[in-house]
Amino acid sequence: MLKNLHIINYRNIQQADLEMCGGINCFVGANGAGKTNLLDAVYYLSFTKSVFCLVDSQNIHHGEPFFVLQGTYNIDGDEHTIYCGCKRGAKKQFKLDKVDYKRLAEHIGYQPLVIISPSDEMLIAEGPDARRKYADSVISQCNKRYLDALMQYNQLLQQRNTLLKQMQEQENNNFDLLDVFDTQMATLGNIITEARRNFVNWLQPIVCKYYNQIADAQESVDMNYISCTDRYSLYEGFVQSRQRDVILGYTSRGVHKDDIDFLLDGFSIKNVGSQGQRKSFVISLKLAQYQYISEHNKHYPLLLLDDIFDKLDEHRGNRLISLVAENNFEQIFISDTNRNRLMNVLNKVGKDFRIFSVNNGKVTTE
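The model shown is predicted, which means the values in this text are computed figures rather than measured ones. (Residues numbered from 1 in each chain as written. Predicted model: local features only at pLDDT ≥ 70, side-chain atom pairs only at ≥ 80, totals over all residues. Heavy atoms only, no water.)

A word on the sheet that holds strand β10 (residues 259–264). One key point about sheets: their strands pair by backbone hydrogen bonds, in either a parallel or an antiparallel sense. Spatial ordering of the open sheet is given by β9-β10-β11, a layout of three strands whose pairing is antiparallel. Here the strands that pair on one side only, and so sit at the sheet edges, are β9 (221–226) and β11 (267–268). Relative to the sheet, helix α5 (residues 176–215) contacts β9 and β10, its axis offset from that of β9 by approximately 175 degrees. (Pairing = 2+ DSSP bridges. Helix = DSSP H or I, 4+ residues; strand = E, 2+ residues; numbered from the N terminus. Contact = heavy atoms within 4.5 Å. Axes fitted to C-alpha atoms, helices over the stretch in contact; angles between N-to-C directions.)

Structure, rendered in structure tokens:
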């Protein structure tokens, strides 16, 4: 649970010192006021990066030399502090209880987090890369072996692609060195494929449950993991594509090409789903993700709901708030433009809440 959040010069927020409640924390203000930036600061302290802008220096308030984020957390009954400082032209510092991390990857999963935002629809609208990254980010919060395998696989993939381009330029068809890469990547890829498939299979019935609760509809939703290993082993795939890969100059087969299919009544939801159905599906996916992390990480994640009524009718939005106010969800952070609408729902759910008013980067507690 996040107890206190300290911000200096992060995006449009020059300074904020906020004391959070253990229930629902609501950031209310006009569009562009800084509500999403507050949620992003909370996200940053969990993932060591912004969800919206990956270039750290671009998150520094305009004209300022640095930003600082610091959160005080209650984890398993003990108080811990997570700190991040970033100066222009320098490497950022990330610390847990005043101790620097040797690798930022070591921090992933320490304070798990799930965010639901309007941009999540890209999971449906965009290509396989968005869905792979989604699965990777969730599994990595719970499975260090998976994160290590994924990082090693991606490193080998870059090296293999570099070798393929060299072979293309030199017209070299000696595949001995390629075989070394292929053997190692196949071993790592099998770890990745198994974890992703288990993840999708675990999530599928939970997504269906939440979709029915939010959408209150009769249609059925489904998820399928689509892997190259459905047709051949990873090593065989690498071997079969070697000649083609040299011509292309990159690796055309492997777990970096896999996908997750989202279905509505047996058809791709991308093709047949309405705006409301897509939004309901993505929200259901994220709530199932929350349950997955809670069970596998042994810590309740923070739940961030950014502009939750975007593309949701009032009925579905109210259902969502009522749903996350249940006991199986812990600390929640919400941003919204309509204070009265939010208050009407919060007064009915019976969970502690706190309202923060956001105006042009300045935050006050109501």
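Here we come to the packing of aromatic side chains. Applying the stated criterion to the full structure yields 12 aromatic pairs. A centroid spacing of 5.1 Å and a plane angle of 80 degrees characterise the contact between Tyr10 and Phe67, whose relative ring orientation is edge-to-face. Remark: Phe67 occurs in strand β4 (residues 66–75) and Tyr10 occurs in strand β1 (residues 2–10); sequence separation between them is 57 residues. Residues Tyr134 and Phe199 carry aromatic rings whose centres are separated by 6.3 Å and whose planes lie at 55 degrees to one another, so their mutual orientation is tilted. Of this pair, Tyr134 sits in helix α3 (residues 128–140) while Phe199 sits in helix α5, and the two are 65 residues apart along the sequence. Clustering of aromatic rings is evident, with ring pairs tying together Tyr134, Phe199, Trp202 and Tyr292. Sitting over the face of the ring of Tyr210, Lys209 holds its NZ or CZ atom 4.5 Å from the ring centroid. (Phe/Tyr/Trp six-rings, centres within 6.5 Å; stacked < 30°, edge-to-face > 60°. Lys NZ or Arg CZ within 6 Å of the ring centre and 35° of its normal.)

When its volume is computed, the largest pocket comes out at roughly 1,400 Å³. Every residue lining the largest pocket is counted, 43 residues in all, and those nearest its centre are Tyr43, Lys49, Lys133, Tyr134 and Ser137. Among the elements that take part in the lining of the largest pocket, α3 stands out by supplying nine residues, more than any other. Class assignment of the residues belonging to the lining of the largest pocket gives a composition of 21 nonpolar, 11 polar and 11 charged. The space that makes up the second largest pocket amounts to roughly 220 Å³. In terms of lining, the second largest pocket is formed by 14 residues, of which the most central are Met1, Asn74, Gln111, His299 and Tyr300. Along the lines of polarity and charge, the residues of the lining of the second largest pocket split into six nonpolar, five polar and three charged. (1 Å grid on protein atoms, 1.4 Å probe; cavity = no way out; pocket = protein on both sides within 12 Å on 5 of 7 lines; lining within 4 Å. Points joined across faces, edges and corners; volume = space filled by probe spheres on them. Nonpolar A, V, L, I, M, F, W, Y, C, P; charged D, E, K, R; others polar.)

Let us look at the nonpolar core. Grouped together as the largest cluster of nonpolar side chains are 78 residues, with contacts concentrated most on Leu287 and Leu303. Considering every element that reaches this core, the biggest residue donor is α5, with 18 residues. Ranked by size, the runner-up nonpolar core spans 40 residues in total, among them Ala41, Leu96, Ile115 and Leu304. (Core = buried A, V, L, I, M, F, W, Y, C linked by side-chain atoms within 4.5 Å. Buried < 20%, exposed > 50% of the residue type's maximum accessible area, 1.4 Å probe, protein only.)

What follows concerns the environment of Leu5. With respect to the helices, strands and loops of the structure, Leu5 is situated in strand β1. Once the C-alpha coordinates of Leu5 and Leu45 are considered, the two residues, 40 residues apart in sequence, prove to be 9.8 Å apart. Discounting residues that sit within four places of it in the chain, Leu5 has contacts with Ala16, Asp17, Leu18, Met20, Leu38, Val42, Leu45 and Gln70.

Counted under the stated rule, the structure contains 16 salt bridges. Close ionic contact of Arg160 with Asp245 constitutes a salt bridge, the shortest N to O distance being 3.0 Å. Separated by 85 residues along the polypeptide, Arg160 in helix α4 (residues 144–170) and Asp245 in helix α7 (residues 242–248) bring together distant segments of the chain. Asp336 is paired through a salt bridge with Arg341; the nearest N and O atoms lie 2.8 Å apart. Ionic contacts of the salt-bridge type, sharing partners, join the residues Arg160, Asp179, Asp182, Arg242 and Asp245 into one network. (Salt bridge = Lys/Arg side-chain N within 4 Å of Asp/Glu carboxyl O.)

What follows deals with unusual backbone geometry. One non-glycine residue, Asp97, lies in the positive phi region at around 50 degrees. Within the element layout of this structure, Asp97 appears in the loop between β6 (93–96) and β7 (99–100). Judged by its relative accessible area of 34%, Asp97 falls in the partly exposed class. The backbone phi angle of Asp265 is positive, close to 55 degrees, even though this residue is not glycine. Topologically, Asp265 is positioned in the loop between β10 and β11. For Asp265, a relative accessible area of 43% puts it in the partly exposed group.

Now for the pairing of strand β15 (residues 362–365). Across four bridges, the pairing between strand β14 (residues 353–359) and β15 is antiparallel. Of the residues in β15, the one forming a bridge with Asn359 is Lys362. Linking β14 back to β15 in an antiparallel pair, the connection comprises two residues, with Asn360 at a positive phi of about 50 degrees.

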